[in-house]
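Examining the three-dimensional arrangement
The lines below spell out each chain.
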Amino acid sequence: MRDLGERVLAPLADEIERSVEAALRPRKLDEFVGQQTVRAQLSLVLEAATARGVAPDHILLSGPPGLGKTTLAMIVAAELGASLRVTSGPAIQHAGDLAAVLSSLEEGEVLFLDEIHRLARPAEELLYVAMEDFRVDVVVGKGAGASAIPLTLPPFTVVGATTRSGLLPAPLRDRFGFTGHLDYYDAFELEKVLHRSARLLDVPLAADAATEIARRSRGTPRIANRLLRRVRDWAQVRGTGDMDLAAARAALEVYEVDPIGLDRLDRSVLDALCTRFRGGPVGLTTLALTVGEEPETVETVAEPYLVREGLIARTPRGRVATPAAWRHLGLEPPTDQGTLFRA
């Protein structure tokens, strides 16, 4: 089975890529491209808090990976002129881990909790009190002789990020004064992201090349920037050095990214549905075995984009290919496929 970390269209990033992304991140809110509603709301929250000289309300950012939640957390700290403390839900295994982080915060500091929905329950309950009352109870001793010593914390701001806001318990969600949901970008916004990144990388990018990369980037800036770097590599190694339309198309063909942003896994799922199962319906496990992947991989990696693009549908009986899927593969749907998508 393929290593998903090698997928050029994967919305997640490893530590190496995050270090590369750091050079391309905007530093101020007015440099951030897209998400106009969230930007306007967040700007108001930060300006009002700054004018009053207090820490702003806690902030929750939700949305799919790769859209800029970490970048916005860094911008919040920069706009406030405060330092940023970064950790994540999976890194907080015990309440004591979180207590150690909270007790070391300085006044006005911003605590960024990535993947906050994955916090352990004891740490979650400790965070409730810290966010609302700026207090943490430190337990001293064990067993019947244990006692809790309240420790007052200086005012601080939690910025939580989650890709699955539905997994957050209501008591935690309610402690955030501002909640912003990030949506996928349209092609025009991604072109602006690409041109900005190209300037920072000091590489000239033709307008038609930016358009081509943007429409294959699945509405995700992280993917757009990754494809930009791959096109740059191709242009320098196999091309003339110019990042034009020909270089963009050639590079994306090498990385098997088709004109609507599907990669090999996506096309394998569609091909199996249409050619092996006559368009479905077919169960997830059977479909995953056919393409040589784990069911979770098909469900979480390939399906979201295919469903969003209207290429497959989930039904009570299984996955079904839509007419758009057949057209994308250059095939004619069978006349006896059923009435689900019949005009």
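Anything mentioned here points back to the structure above.
Keep in mind that this is a model prediction, so the values were computed, not measured.

**Details of the packing of aromatic side chains**
Following the criterion strictly, the structure yields one aromatic pair and no others. The interplanar angle of 85° and the centroid separation of 5.3 Å between the aromatic rings of F134 and F156 together place this pair among those described as edge-to-face. Separated by 22 residues along the polypeptide, F134 in the loop between α5 (121-133) and β4 (135-140) and F156 in the loop between β5 (147-152) and β6 (157-162) bring together distant segments of the chain. Using a relative accessible area of 24% as the deciding quantity, one classes F134 as partly exposed. Positioned above the aromatic ring of Y305 is the side chain of R218, whose terminal nitrogen or guanidinium carbon lies 4.3 Å from the ring centre.

**Looking at the environment of V231**
Position of V231 among the secondary structure elements: in helix α9 (residues 221-237). What makes V231 buried here is its relative accessible area of 0%. Sequence spacing of V231 and A250 is 19 residues, and the spatial spacing of their C-alpha atoms is 8.2 Å. With residues near it in sequence (within four places) discarded, V231 still touches I213, M243, A247, A248, A251 and L252.

**Re the sheet that holds β6**
The strands making up a sheet associate through backbone hydrogen bonding, with each pair oriented either parallel or antiparallel. Read from one edge of the open sheet, five strands run β2-β3-β6-β1-β7, paired in parallel fashion. Across the chains shown, the open sheet's two edge strands, defined by having one partner strand only, are β2 (84-88) and β7 (178-181). When strand polarity is set aside, the average angle formed by the axes of neighbouring strands in this sheet is 15°. Bridge count between strand β1 (residues 59-62) and β7: four bridges; the pairing is parallel.

**Topic: the pattern of salt bridges**
One side chain can pair with another of opposite charge once the charged atoms of both are near each other. Across all of its chains, the model carries 17 salt bridges by this definition. Between E31 and R196 there is a salt bridge, and its shortest N-O distance comes to 3.8 Å. A residue pair is termed long-range when its members are at least 10 positions apart, and E31 in the loop between α1 (15-22) and α2 (36-52) and R196 in helix α7 (residues 187-201) qualify at 165 residues. Exposure remark for R196: the relative accessible area of 17% places this residue in the buried category. A salt bridge links E212 to R249; the nearest nitrogen and oxygen atoms lie 3.8 Å apart. Remark: R249 occurs in helix α10 (residues 245-254) and E212 occurs in helix α8 (residues 207-215); sequence separation between them is 37 residues. Overall, the relative accessible area of 4% leaves E212 in the buried class. It is possible to trace a salt-bridge network through shared partners that takes in E212, R215, R216 and R249.

**So, the pairing of β1**
Burial along β1 is two-sided: I59 and L61 and L60 and S62, pointing in opposite directions, are all buried. Pairing analysis gives four bridges linking β1 to β6, with the strands arranged parallel. The partner of S62 across the bridge, within β6, is T162.

**A closer look at the side chain of E189**
Along the chain, E189 falls in helix α7. We note that E189 is buried and unpaired, the nearest opposite charge coming from R39 at a distance of 7.0 Å. Among residues more than four places away in sequence, those in contact with E189 are V33, G34, Q35 and Q36.

**Topic: the nonpolar core**
By size, the foremost hydrophobic cluster in this structure holds 45 residues, and its most contacted members are L42, L72, V159, L205 and I213. Of the residues forming this core, the biggest block, seven residues, is contributed by α9. If we skip the residues at most four places from it in the chain, L205 touches L194, H195, A198, A210, I213, L228 and M243. Listed in part, the 24 residues of the second largest apolar core include V101, L126, A130 and M131.

**Focus on the pairing of strand β9 (residues 318-321)**
Here four bridges tie strand β8 (residues 312-315) to β9, and the two strands are oriented antiparallel to one another. Looking at the pairing, A313 lines up with V320 of β9. Linking β8 back to β9 in an antiparallel pair, the connection comprises two residues.

So, how was this worked out
Residues numbered from 1 in each chain as written. Predicted model: local features only at pLDDT ≥ 70, side-chain atom pairs only at ≥ 80, totals over all residues. Heavy atoms only, no water. Phe/Tyr/Trp six-rings, centres within 6.5 Å; stacked < 30°, edge-to-face > 60°. Helix = DSSP H or I, 4+ residues; strand = E, 2+ residues; numbered from the N terminus. Buried < 20%, exposed > 50% of the residue type's maximum accessible area, 1.4 Å probe, protein only. Lys NZ or Arg CZ within 6 Å of the ring centre and 35° of its normal. Contact = heavy atoms within 4.5 Å. Pairing = 2+ DSSP bridges. Axes fitted to C-alpha atoms, helices over the stretch in contact; angles between N-to-C directions. Salt bridge = Lys/Arg side-chain N within 4 Å of Asp/Glu carboxyl O. Lys, Arg positive; Asp, Glu negative; His and termini not counted. Core = buried A, V, L, I, M, F, W, Y, C linked by side-chain atoms within 4.5 Å.

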